[in-house]
Amino acid sequence: MSYTKRKDNRGFDDFRKVEAKAGVIKNADGSAYFKIGNTIAYAAVYGPRELYPRFLQNPTKGILRCNYNMMPFSGMGERVRPGPSRRSKEISMVTQKALIPVLDLSEYPNAVVDVFIELTETDAGSRCAGICAASMALADAGLKMRDLVTAVSVGKVDDKVVVDLDYAEEAYEDGHVADIPIAYIPSTGEFSLLQMDGIISTDEFIEALTLAKKAMPRLYEIQKKALKEKYLLFHGNEEKGEKNE
Amino acid sequence: MSNDQKQHMIKSFKQGVRFDERGLEDFRKLTISCKPSKTAEGSAVVKLGDTEVIAGIKMMVGTPFPDRPEDGVIMVNAEFLPLASPDFESGPPGIDSIELSRVVDRGIRESHAMDLKKLCIKKGEKVWIVSIDICTLNDDGNLLDAAALAALAALKSTRFPGYDGEEVNYKELTDDKLPLAQEPIPVTVYKAGDVFFVDPTKEEQKNVDARLTITSLGDGNLCAMQKGGEQPFTLDEISKIVDLATKRSKDLRKEIDKL
């Protein structure tokens, strides 16, 4: 058996079509929209603001709080019960860990920066889409950052190492599948999220990470462009703001 | 907002001046986009000025209530996501989102907007359960009207998933639409001091003394109401509110009819 062709004809090292926008939620201090294939994430940043209860405060620097949530109608099958689940709590936690290395919150003792990630539609890769949106929202909020964080899943479907698995690939039944969500800091070349489930050999795993490193710069450019575009639009130069493909 | 600001707002409103230069009886720009979420069987985003709400419909097969063995089930739930406002907090639904979902629910249920009998698959055993979930994206006032419009638009865009008698196939939607017989449209009229107005921004809404939501149908009949706020109304005021609400609902209905 061999996995020869992807559903949408993309190459094994290609991610799905990406659309990104910054400043999509007016009330927020920073916000972003990130769509990859049929997975859509919104992220909103509120803060730095005072943190209660007070025992959670850190007197030396601000803290980052992330909250990942799927809207009840955003699952591919049945309705997702609203409210936190074990899964969403874990994803919120790893998202926070993925973002914290690029953030400098030393100027905001006792404060909190809240990041709310909401999924309106999912087809795998939702935590990575959430991280991409969140890092753009943090930048949009004007927080001091060393870099953006860019994220995509890589993995293996049957005999092929691939980038950005969709749900059908994650559910592939005729061979081994591995799904490896990754977050990456382009300027340092470091990984800040790494999870895996599935079965993969050591060599293939390293190959997958290498493939991820190659795909990341293209995602990174889309994120940066969207952040800049907000200001192009602001000046009324709408015709100049091209869509990210 | 302080009391001074409130008095200032009321004084301006009496001269017909609003913060965003609208008339007291004008809505903000309404845009409705259908099917923003492909995982939902129906969905819609409604924007009223800077207020933005998304509603999604999920269809499931389940058992009917024992006292209504032939009726399908509809459920309305609203989430005031902390993403949408610094005033919303994570956690179980607060009283505002519960009230909103119940008002939207009554508008749909009491108008018999949906023929629940048509959602029956096998009497007493299997019926369709229609979950209407409303999530806020940005709160700039008048969430109630925006939410109810989003719910209605989402219901209109819904297609049944496949069903073979055993399992629901969410991957392929059929061409069958929900049995929508009525389209309940809500208009909330707000009162501050002795002025009446519709569709407040968040800033305006902070100064509201009372509100009355009137949900009406295409034939002019009324199907659900909810009074809110701490001030009472006189009969004359209520009659004035009903007139204003039914007038505005005709404009909103035109937008819903376009879908």
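Residues numbered from 1 in each chain as written. Chains lettered and ligands numbered in written order. Predicted model: local features only at pLDDT ≥ 70, side-chain atom pairs only at ≥ 80, totals over all residues.

Quick look at the overall build of chain A now. Secondary structure summary: chain A contains four helices and 10 strands in total. Reading chain A from its N end, one meets helices and strands in the order β-β-β-β-α-β-α-β-β-α-β-β-β-α. Rg of the C-alpha trace for chain A: 18 Å, near the compact-globule value of 18 Å for 245 residues, within the 12% margin. Viewed in the frame of its principal axes, chain A has a C-alpha envelope of about 55 × 45 × 40 Å. Within the span of chain A, comprising 245 residues, buried residues form 51% of the whole. (Helix = DSSP H or I, 4+ residues; strand = E, 2+ residues; numbered from the N terminus. Rg over C-alpha atoms; globule rule 2.2 N^0.38 Å. Buried ≥ 20, exposed ≤ 12 C-beta atoms within 10 Å, placed from the backbone.)

All names here are of chain B. What the four strands build is an open sheet, ordered β10-β9-β11-β12; its pairing is antiparallel. Taken across any chain shown, the strands that pair with only one partner, and hence form the sheet edges, are β10 (195–198) and β12 (222–229). Neighbour to neighbour, the strand axes of the sheet diverge by 20 degrees on average, direction disregarded. Sheet topology note: the strand β9 (residues 185–192)/strand β11 (residues 210–216) ladder contains seven bridges and is antiparallel. Paired with Y190 across the strands is R211, a residue of β11. Its contacts with the sheet put helix α1 (residues 3–14) on β9 and β10, and the angle it makes with β10 is roughly 85 degrees. Across the face of the sheet, helix α5 (residues 235–257) comes into contact with β9, β10 and β11 while running at roughly 140 degrees to β9. (Pairing = 2+ DSSP bridges. Axes fitted to C-alpha atoms, helices over the stretch in contact; angles between N-to-C directions. Contact = placed C-beta atoms within 7 Å.)

Our next topic: the pairing of strand β9 (residues 190–194) of chain A. Residues in a regular strand project their side chains so that they alternate between the two faces of the sheet. Of the strand pairs in this sheet, strand β8 (residues 177–185) of chain A and β9(A) are connected by four bridges, and their pairing is antiparallel. Within β9(A), the residue paired with I182(A) across the bridge is L194(A).

Contact residues are listed per partner, giving 24 residues for chain A and 30 residues for chain B. Secondary-structure elements contributing two or more residues to the side of chain A that touches chain B are β3 (39–50) and β5 (111–121) of chain A. Of the residues forming the side of chain A that touches chain B, the biggest block, four residues, is contributed by β5(A). A per-class count over the side of chain A that touches chain B returns 10 nonpolar, nine polar and five charged. (Nonpolar A, V, L, I, M, F, W, Y, C, P; charged D, E, K, R; others polar.)

Let us now look at helix α2 (residues 95–110) of chain B. All names here are of chain B. The end-to-end C-alpha separation of α2 is 21 Å, in line with the 22 Å expected for 16 residues at 1.5 Å each. Within α2, the full set of buried residues consists of S97, L100, S101, V103, V104, G107 and I108. Burial along α2 is one-sided: seen end-on, the buried residues are contained in an arc of 160 degrees. Against β4 (73–79), β6 (126–138), α3 (143–157), β9, β11 and β12 lie the buried residues of α2. One or two positions beyond α2, positive phi appears at H112, with a value near 55 degrees. (Expected span 1.5 Å × (residues − 1). Arc of directions from axis to C-beta.)

All names here are of chain B. Of all 10 residues making up strand β8 (residues 168–177), only zero are buried, and the element is barely covered by its neighbours. Inspection of the sheet shows strand β7 (residues 159–163) paired to β8 by four bridges, in the antiparallel sense. Bridge pairing in β8 links R159 to K177. As consecutive antiparallel partners, β7 and β8 are separated by four residues, and within that stretch G165 has a phi angle of approximately 95 degrees, a positive value.

All names here are of chain A. Reading across from one edge, β1-β2-β3-β5-β4 is the order of the five strands in this open sheet, with mixed pairing throughout. This sheet does not close on itself; its edge strands, each paired only once, are β1 (18–22) and β4 (63–70). On average, each strand axis in the sheet is tilted by 15 degrees relative to the strand beside it, whichever way the strands run. In this fold helix α1 (residues 86–99) packs onto β4 and β5, with an angle of close to 140 degrees to the strand it touches most, β4.

Here the focus is the nonpolar core. Judged by nonpolar contacts, the single largest core of 146 residues is most densely connected at A133(A), M136(A), A147(B), A150(B) and A151(B). The dominant element in this core, judged by the number of residues it contributes, is α3(B), at 12 residues. In this view, A150(B) contacts A44(B), V45(B), V46(B), V53(B), I54(B), A55(B) and I134(B); residues no more than four positions away in its chain are not counted. (Core = buried A, V, L, I, M, F, W, Y, C linked by C-beta atoms within 7 Å.)

All names here are of chain A. Where α1 contacts helix α2 (residues 126–140), the two axes come as close as 10 Å, and the packing angle between them is 45 degrees. Classified by the angle their axes make, α1 and α2 are oblique. Crossing geometry of α1 relative to α2 is assigned as right-handed. Judged by residue contacts, I91, T95, A98 and L99 of α1 engage R127, G130, I131, A134, S135 and L138 from α2. In terms of residue class, the contact of α1 with α2 is made up of six nonpolar, three polar and one charged. (Parallel < 35°, antiparallel > 145°, perpendicular 65-115°, else oblique. Left-handed = near helix turned anticlockwise from the far one by under 90°.)

A separate point is the confidence of the model for chain B. A residue-level look at chain B finds 100% of positions with pLDDT of 70 or above and a mean pLDDT of 95. Both confidence scores are given for the complex: pTM 0.93, ipTM 0.92. (pLDDT = per-residue confidence, 0-100.)

The next point concerns α5(B). When the terminal C-alpha atoms of α5(B) are compared, their 32 Å separation across 23 residues agrees well with the 33 Å that a helix rising 1.5 Å per residue should span. Packing partners of the buried residues in α5(B) comprise β1 (30–34), α3, β9, β10 and β11 of chain B.

With that settled, consider the environment of Y42(A). Relative to the helices and strands, Y42(A) resides in strand β3. With 31 C-beta atoms packed within 10 Å, Y42(A) lands in the buried category. Along the backbone, Y42(A) and V112(A) are 70 residues apart, and their C-alpha atoms lie at a distance of 20 Å. Contact partners of Y42(A), with chain neighbours within four places excluded, come to V24(A), I25(A), Y33(A), E118(A), T120(A), A133(A), L83(B) and L137(B).

Residues and elements named next belong to chain A. When you line up the elements, L193 lands in strand β9. For L193 and I180, which are 13 residues apart along the polypeptide, the C-alpha to C-alpha distance reads 9.4 Å. Residues in contact with L193, not counting those within four places in the same chain, are V94, K97, A98, I131, A151, P181, I182 and A183.

Now for the packing of α2(B) against α3(B). All names here are of chain B. Look at α2 against α3: their axes get within 10 Å of each other, and the N-to-C directions meet at 45 degrees. Between α2 and α3, the angle falls in the class oblique. Both α2 and α3 take part in a crossing whose hand is right-handed. Two secondary-structure elements touch here, α2 through L100, V103, V104, G107 and I108 and α3 through L143, L144, A147, A148 and A151. For the contact of α2 with α3, a count of residues per class yields nine nonpolar, one polar and no charged.

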